[in-house]
Amino acid sequence: MILVIGATGKVGRHVVDRLTDLGTHPVRALVRSRESTSAELPIGVETVEGSLTDPAALDAALADVDTVLLMWPFLTTDAAPAVLDSIGQRARRIVYLSSVGVGTDEERHDPIFAMHAAIEAQISRTGLIPTILRSDAIASNTLGWAEQIRATGVVKGPMTAPTAVVDPRDLGSVAALVLTDDAHAGQTYLLTGPQVISRPEQVDAIASALGRPLRFEEVPVADARRQMLADGRPPALVDALLAAAEKRSRSTLITSTIETITDRPASSFEHWAADHAAAFR
């Protein structure tokens with residue numbers, strides 16, 4: 001039995017779909033609400049209702065589970081010791097979706113990188129056999145621009161450093177194959193898209209997919225912070241979201257790991273945008 005934690009998220013749903021396609025292992029999902037997620041998951045996927053902060057639900061979800069896919073949904077690691085202790089008592093393997101920023105100089109200054117590093121460190125102390133998937137930025141994060149694109153055709157935000165953005169469908173394929181094959185036990189993989197792409201270039205790719213002009217308008221980080229706080233976002237979330245603009249440098253990392261594991265080249269951001277154009281209309 002494979003337990004997917006985060007099964008209805010932008011990556012998790014692709015993992016579940018791919019596991020279902022493979023059909024080699026029974027799949028269970030920990031979900032917040034069976035009613036609201038029943039249409040999102042393939043037929044045959046067992047569900048347990050609850051959350052990572054609900055020990056009874058987590059214990060129920062872990063019954064007879066061999067391998068767990070963990071996607072951490074919080075900005076802090078406060079709940080991690082209890083969660084990982086529960087997983088460690090019941091499962092044999094864990095696959096964790098982490099970040100390529102772990103182990104870099106920027107880890108010390110970036111709250112998202114630091115959070116993933118802390119989870120990885122705690123996993124290493126559980127006795128679980130880990131496989132760590134360190135992903136670059138995920139293409140579906142740009143869905144947060146959809147409202148601006150529909151309303152004005154202008155995406156406003158701080159300029160973040162270019163990076164090799166990953167198609168979440170590729171992450172789903174990699175995760176499913178890693179979850180079902182012990183050959184990947186104990187490995188750490190760096191997963192990137194096929195090319196480094198900036199925010200303005202991502203907006204241009206979405207414009208091409210839509211067939212209409214769009215543009216990116218840079219907003220100074222200080223102005224973005226004031227607006228986000230005024231909108232009522234928690235300061236910790238604001239700091240995490242803006243760390244990429246303030247502290248991350250341009251990435252030159254491009255790996256062939258996705259192709260090595262899946263036997264298919266990593267998909268480009270342009271391809272992802274073309275397939276998801278309807279979400280921006």
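The following refers to the structure shown. None of the values given here were measured: they were computed from a predicted structure. (Residues numbered from 1 in each chain as written. Predicted model: local features only at pLDDT ≥ 70, side-chain atom pairs only at ≥ 80, totals over all residues. Heavy atoms only, no water.)

**What about the overall build of the chain?**
Here comes step 1: Each helix and strand counted, the chain has twelve helices and nine strands in total.
Here comes step 2: In terms of overall size, the chain behaves like a compact globule, its C-alpha atoms giving a radius of gyration of 19 Å where 281 residues would be expected to give roughly 19 Å.
Here comes step 3: When the 281 residues of the chain are sorted by exposure, 49% land in the buried category.
Here comes step 4: Within the chain, contacts between residues at least 6 apart in sequence are counted, and of these 76% link residues at least 24 apart.
Here comes step 5: Of the roughly 13,000 Å² of accessible surface on the chain, 50% is carried by carbon and sulfur atoms.
Here comes step 6: Put simply, the chain has 26 plus and 35 minus side-chain charges, and the middle of one group is 4 Å from the middle of the other. (Helix = DSSP H or I, 4+ residues; strand = E, 2+ residues; numbered from the N terminus. Rg over C-alpha atoms; globule rule 2.2 N^0.38 Å. Buried < 20%, exposed > 50% of the residue type's maximum accessible area, 1.4 Å probe, protein only. Contact = heavy atoms within 4.5 Å. Areas by Shrake-Rupley, 256 points an atom, 1.4 Å probe, with all protein chains shown as cover. Lys, Arg positive; Asp, Glu negative; His and termini not counted. Charge placed at Lys NZ, Arg CZ, Asp CG, Glu CD.)

**What about the sheet that holds strand β1 (residues 2-5)?**
Here comes step 1: The strand order across the open sheet built from seven strands is β3-β2-β1-β4-β5-β6-β8, with neighbouring strands paired in parallel fashion. Of all the strands in the sheet, the pair left with one neighbour each is β3 (46-49) and β8 (188-191). Across the sheet, the axes of successive neighbouring strands diverge by a mean angle of 20°, strand direction being ignored.
Here comes step 2: Bridging between strand β2 (residues 27-31) and β3 involves four bridges; their strand directions are parallel. (Pairing = 2+ DSSP bridges. Axes fitted to C-alpha atoms, helices over the stretch in contact; angles between N-to-C directions.)

**Some remarks on unusual backbone geometry**
Here comes step 1: Not every positive phi belongs to a glycine, and Asp-64 is a case in point at roughly 65°.
Here comes step 2: Its location among the elements puts Asp-64 in the loop between α3 (55-61) and β4 (67-70).
Here comes step 3: The exposed category is assigned to Asp-64, whose relative accessible area is 73%.

**What about helix α5 (residues 111-124)?**
Here comes step 1: Its 14 residues place the ends of α5 20 Å apart at the C-alpha level, agreeing with the 20 Å of an ideal helix rising 1.5 Å per residue.
Here comes step 2: When we look at burial in α5, the residues that qualify are Phe-113, Met-115, His-116, Ala-117, Ile-119, Glu-120, Gln-122 and Ile-123.
Here comes step 3: The elements touched by buried residues of α5 are α4 (80-90), β5 (93-99) and β6 (129-135).
Here comes step 4: Between a side-chain oxygen at the N-terminus of α5 and the backbone nitrogen of Ile-112 the separation is 2.9 Å; the capping residue is Asp-110. (Expected span 1.5 Å × (residues − 1). Polar contact = N/O pair within 3.5 Å; in protein donor to acceptor, adjacent residues only side chain to side chain.)

**Some thoughts on the environment of Ala-80**
Here comes step 1: Its place among the elements puts Ala-80 in helix α4.
Here comes step 2: Not counting residues within four places of it along the chain, the set of residues in contact with Ala-80 comprises Trp-72, Ile-119 and Gln-122.

**With respect to the packing of aromatic side chains**
Here comes step 1: All chains considered together, the criterion is met by three aromatic pairs.
Here comes step 2: Both rings, one in Trp-72 and one in Phe-74, keep their centres 5.2 Å apart while their planes meet at 80°; by these two values the pair is edge-to-face.
Here comes step 3: An angle of 80° between the planes, with centres 6.2 Å apart, marks the rings of Trp-272 and Phe-280 as edge-to-face.
Here comes step 4: Put simply, the rings of Phe-269, Trp-272 and Phe-280 pair up and form one aromatic cluster. (Phe/Tyr/Trp six-rings, centres within 6.5 Å; stacked < 30°, edge-to-face > 60°.)

**Observations regarding the packing of helix α1 (residues 12-22) against helix α7 (residues 168-179)**
Here comes step 1: Their axes nearest at 8 Å, the elements α1 and α7 cross at an angle of 50°. The orientation of α1 with respect to α7, classified from their angle, is oblique. Classified by chirality, the crossing of α7 by α1 is right-handed. Across the interface between the two elements, His-14, Val-15, Arg-18, Leu-19 and Leu-22 of α1 pack against Pro-168, Arg-169, Gly-172, Ser-173, Ala-175, Ala-176, Leu-177 and Leu-179 of α7.
Here comes step 2: Each residue belonging to the contact of α1 with α7 can be placed in one class, and the counts come to eight nonpolar, three polar and two charged. (Parallel < 35°, antiparallel > 145°, perpendicular 65-115°, else oblique. Left-handed = near helix turned anticlockwise from the far one by under 90°. Nonpolar A, V, L, I, M, F, W, Y, C, P; charged D, E, K, R; others polar.)

**Details of the pattern of salt bridges**
Here comes step 1: Per the counting criterion, the structure on display carries twelve salt bridges.
Here comes step 2: Two residues, Glu-46 and Arg-28, come together in a salt bridge whose shortest N-O distance is 3.1 Å. Note that Glu-46 is positioned in strand β3 and Arg-28 in strand β2, a separation of 18 residues in sequence.
Here comes step 3: The partly exposed category is assigned to Glu-46, whose relative accessible area is 34%.
Here comes step 4: Salt-bridge contacts for Arg-92 lead to Asp-66; the nearest nitrogen and oxygen are separated by 2.8 Å. Here Asp-66 lies in the loop between α3 and β4 and Arg-92 lies in the loop between α4 and β5, a separation of 26 residues in the sequence.
Here comes step 5: Here the salt bridges do not stand alone but share partners, grouping Asp-66, Arg-92, Arg-93 and Asp-182 into one network. (Salt bridge = Lys/Arg side-chain N within 4 Å of Asp/Glu carboxyl O.)

**Comments concerning the environment of Leu-229**
Here comes step 1: Note on placement: Leu-229 falls in helix α9 (residues 221-230).
Here comes step 2: Dropping the residues within four chain positions of it, Leu-229 is found in contact with Pro-235 and Val-238.

**Regarding the nonpolar core**
Here comes step 1: With 31 residues, the main nonpolar core has Val-4, Val-15, Leu-19, Leu-69 and Leu-133 as its most contacted residues.
Here comes step 2: Looking at this core, the elements with two or more residues in it are β1, α1, β2, β5, α7, β8 and α11 (257-262).
Here comes step 3: Looking at this core, the element that brings in the most residues is α7, giving seven residues.
Here comes step 4: The next biggest cluster of nonpolar side chains, apart from the first, holds 24 residues, and it includes Ile-5, Leu-84, Ala-91 and Met-115. (Core = buried A, V, L, I, M, F, W, Y, C linked by side-chain atoms within 4.5 Å.)

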